[in-house]
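# Observations on the model geometry
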Amino acid sequence: MTTAVAGASMTQRRTRDFAAIGIAAALAVTAAMASLVIGPIAIPPQRVAAILFGFLDGTATAGRDAVVVLDVRLPRTVLGVLVGASTALAGAVMQGLFRNPLADPGVVGVSSGAGLAAALWFILGAGLGNLVPWNLGTLGLPLSAFAGGLIVSATLHLLSRREGQTSATLLLLAGIAIGAFTSAGVGVLVFIASEQQLREFTFWTLGSLGGATSTKIALVLPFALAFMAVAPRLARGLDALALGEAEAFHLGIDVERLKRVAVIGVAAAVGASVAVSGVVGFVGLITPHVVRLVIGPAHRLLLPVTALAGATFLVTADIVARTIAAPSEIPLGVITAGVGAPFMLWLLLRQGLAQQLR
Amino acid sequence: MLEARGISVQLSGREVLTDADLTIAPGRIVVLIGPNGAGKSTLLRAAAGALKPVRGTVTIDGKNISGWSAAMLAARRAVLAQSVTLTMAYTAGEIVRLGVPVSMRNHEVDTIVGEALAAVEMAHAAERLISALSGGEQQRVHAARVLAQIAAHRGPTQYLLLDEPTTHLDPAQQRTVLQLARRVAASGAGVLAVLHDVNVAAAIADEIVVLSNGRVVERGSPAALTPELLGRVYGVPFHIAESAMMPNLA
Amino acid sequence: MFRLALALSAALFATGAAAEQRTIVDAAGRSVPIADTSRIVAIGGAVTEILYALRLEDRIVAVDLTSDFPERAQQKASVGYMRTLSPEGVLSVAPSLVLAIEGSGPKEAIDVLEKASVPFVLVPEAHDAAGVVAKIRFVADVVGEHEKGKALANAVAADLATVAASRPPQDQRRKAIFVLSMAGGGPMVAGEGTSAADVFALAGVQNALTGVTGYKAANEEASMQAMPDAVVMMSRGEHVANADEVFASAAFAGTPAAHDKRLVVLPGEYLLGLGPRTAQAARDLFVGIYPDRPPPAVPERPWSTDTE
């Protein structure tokens, strides 16, 4: 076989890669548009479009439909895209970093840290929030959750460094220990909580895009965008890590820097997401896994497609969450886990069967 | 010229390599031999810049590499160690592509990867999953990766470091790897190989360095290897056999 | 209380369900303009019960999860949990008024509904007999049924006064402990500042659990040390707690309540809702705790029985 043929097959591959990104992007856009058009209140698509264009060129439309499209569906859709994309992307980065297709962004302690901080806010700090004007008070929860996520991630990172190197095993073990600690902390807070505080906190841990506002979008946007800008640069390093840390180093990858950037990026993006939408489980775990099964593990393609797929998944789940039980709403985490878990089991079974049948 | 001077390395508080010297000139093949635990891999890793010696320096063309970044090192030297089994479904082409830096243009990358695979006679497998290949084929793909890395950084002399690349390989596979080493040296790169088979070492080396208990005990052309020396180093009696069978490495 | 007085005086100038603009000050101090009260979303069991008692059930288009009395209220569309309302969901039933018990939210949902020009009124929660009466009058005034509200409130006030008259003197009161659930590590019990504690006070029952605020998971020793004369629990739907099971547990075995096998089980919203049926619930509680005393002569009322 000549080099020309090998080269040609790589060009074919590249076309295939573009097609994959194109399809993923198309799905994401479709989901977003559906999210603007579908809801418990029937609003014809033309009317939705008119309202959106009115919003964009300043000729505001008044009335209930406009409030629904601009103040409920639009913020939820935007937040869903940002949270879905950054959480799924974080999962892909974590799975690459740990060379484990079942790793989850929570493994760096972000979710447990955010959870503990949120519990602290609900149970101790909400009183503070009442003393302060409305806007700052409602920001207290997202800010606490975000800070908590970062603090725990930073602690985990420091704990797992030995002789200037970050040990994956230590990171996992420390993560387990800190997870147990934050659970205990949450347990204590739950103990002293009132029933009302308890219920609010429980709903928060199930995740929701309800209450999406431009303030919350502004909170998560910079972190999500920053992470999505940085992540592609980790692609080659994550691929190289598949050969082992020593080999990756020989190939020119600064492994310590890769780990540092990955952990910080994940902590910031997931911390901000958890802060505004609660803990939406499963997106970070299952999206990269499914995408990898379809298009392969090469991160240059995996990362962007996973981000787009995550946006699609979360926005679609949100459509279901706010429509099937209308006029009430099912927590988002229930949908993502309720759909995600069986689907993942099916995938694993299918893979296992396929291997046995070889 | 890649030079290691006075290298001493401590691992877990114990000194495993003391005062070792090494010179790899462009176009030359230097082979390290010695018993297990003698410090061969340690010396290779120090030369590769993968570990920091507690004493001594490693220089490439006179410049001390101790402050070099991973990328700077990769531009001057490639390492082929025993291959790791991959759990993820990468294709052979994707593995070879890892040798090439990100900044390169697509068509250049394609050419380099294609040529590297062709050089190890694996061009047909570019789109196949590496996990679906046999052990020997996988080793060839990793060899292609290293070739790609060298080809991608034209200009200053490259150095190829091979750490026991023939372990678990059958004679045909060993031949492939060793011919690769020869070819790379012939194209102007310097080659350092750690080998356990003394005969193979003698067959390909321009210079042999013998290590024992963390020290260099002998250095010279293969002719300098005597049964007495080897007997001392390995602790078993050696003799020169009249009829020896080994793959023809020409 | 001051807020209630303000709200009441503002509401006193209101009339009928017709499209007449008036402004209500709600439990959060917000001034809410009310015009049309023909399509109401009722949030909070007590709020729903008041509307049914005022015979305004045809105006109710949706209720929340805690609105389970009368039973036919559960046929109405549900907007889910009162603290996690979905604004688009609420809007989809085309309400002209949302009447929500204090504590409903989240705040973002209230903001969106306000923006969509749907009046959202927070009804002040009650903590004593006067509060229950005020709650009834507040709801009635918001929906423009002042006279009907007065009649209902007066009847409920009279019943509550009957209960108050039957309360034993302080030194003769029995102690009871309210248990929210037995699941988990230990029983979840009600301390001070809970609706359970408020209802106990109404019925002349002393809360055995002092020095604790809110609902807490008490360990078994603490529950025993409280030495309750009776244990009070909620029934959940068909599931009614069994006296043998309860008194077999480590928490309550050995208490005076176990000795007399005194367990009172009442439906949750009935007992704790602090709505129109509060007097009847307090009476039933009294009867369970003081079987040896003459019961308060509180009659069944149309709004306390689930007919139709």
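Residues numbered from 1 in each chain as written. Chains lettered and ligands numbered in written order. Predicted model: local features only at pLDDT ≥ 70, side-chain atom pairs only at ≥ 80, totals over all residues. Heavy atoms only, no water.

This part covers helix H6 (residues 171-186) of chain B. Residue and element names in this part refer to chain B. Given a rise of 1.5 Å per residue, 16 residues ought to cover 22 Å, and the 22 Å separating the end C-alpha atoms of H6 matches this to within 8%. Listed as buried for H6 are Gln174, Val177, Leu178, Leu180, Ala181, Val184 and Ala185. Along H6, the residues classed as buried sweep out an arc of 145° about the axis, all on the same side. Turned more than 90 degrees off the buried face of H6, the exposed positions are Pro171, Ala172 and Ala186. Taken together, the buried residues of H6 touch strand E3 (29-33), helix H5 (135-152), strand E7 (159-163), strand E8 (190-194) and helix H7 (198-204). With its phi angle positive at about 110°, Gly188 sits one or two positions after the end of H6. (Helix = DSSP H or I, 4+ residues; strand = E, 2+ residues; numbered from the N terminus. Expected span 1.5 Å × (residues − 1). Buried < 20%, exposed > 50% of the residue type's maximum accessible area, 1.4 Å probe, protein only. Arc of directions from axis to C-beta. Contact = heavy atoms within 4.5 Å.)

This part is about the interface of chain C and chain A. Contact residues are listed per partner, giving 24 residues for chain C and 26 residues for chain A. Across the chain C to chain A interface the summed buried area is about 2300 Å²; carbon plus sulfur atoms make up 67%. Of all residues in chain C, the largest losses of buried area upon contact with chain A belong to Tyr81, Glu88 and Glu108 of chain C, amounting jointly to 27% of the total for that side. The interface formed by chain C and chain A includes 4 salt bridges. Linking chain C with chain A are 5 residue pairs in polar contact (both at pLDDT 80 or more), by the criterion used here. Elements supplying a minimum of two residues to the side of chain C that touches chain A: strand E5 (77-78), helix H3 (87-92), helix H4 (107-115) and strand E11 (215-217) of chain C. (Buried area = accessible area lost by both parts, 1.4 Å probe. Salt bridge = Lys/Arg side-chain N within 4 Å of Asp/Glu carboxyl O. Polar contact = N/O pair within 3.5 Å; in protein donor to acceptor, adjacent residues only side chain to side chain.)

Right, let's get into the packing of helix H3 (residues 64-97) of chain A against helix H8 (residues 214-230) of chain A. Residues and elements named next belong to chain A. It is the contact of H3 with H8, at a shortest axis distance of 10 Å, that shows an interaxial angle of 35°. In the packing of H3 onto H8, the handedness of the crossing is left-handed. Of the residues in H8, those touching H3 at Pro75, Val78, Leu79, Leu82, Ala85, Ser86, Leu89, Ala90 and Val93 are Lys216, Ile217, Val220, Leu221, Ala224, Phe227 and Met228. (Axes fitted to C-alpha atoms, helices over the stretch in contact; angles between N-to-C directions. Left-handed = near helix turned anticlockwise from the far one by under 90°.)

Applying the stated criterion across every chain yields a total of 3 aromatic pairs over all chains. An angle of 20° between the planes, with centres 5.9 Å apart, marks the rings of Phe343 of chain A and Trp346 of chain A as stacked. Of this pair, Phe343 of chain A and Trp346 of chain A both sit in helix H14 (residues 332-357), separated by 3 residues, roughly a single helical turn. Taking relative accessible area as the criterion, Phe343 of chain A reaches 34% and is therefore assigned partly exposed. The interplanar angle of 50° and the centroid separation of 5.0 Å between the aromatic rings of Phe286 of chain C and Tyr290 of chain C together place this pair among those described as tilted. Exposure class is identical for Phe286 of chain C and Tyr290 of chain C. Each is buried. The ring of Phe69 of chain C has Arg277 of chain C lying over it, and the distance from NZ or CZ to the ring centre is 3.5 Å. (Phe/Tyr/Trp six-rings, centres within 6.5 Å; stacked < 30°, edge-to-face > 60°. Lys NZ or Arg CZ within 6 Å of the ring centre and 35° of its normal.)

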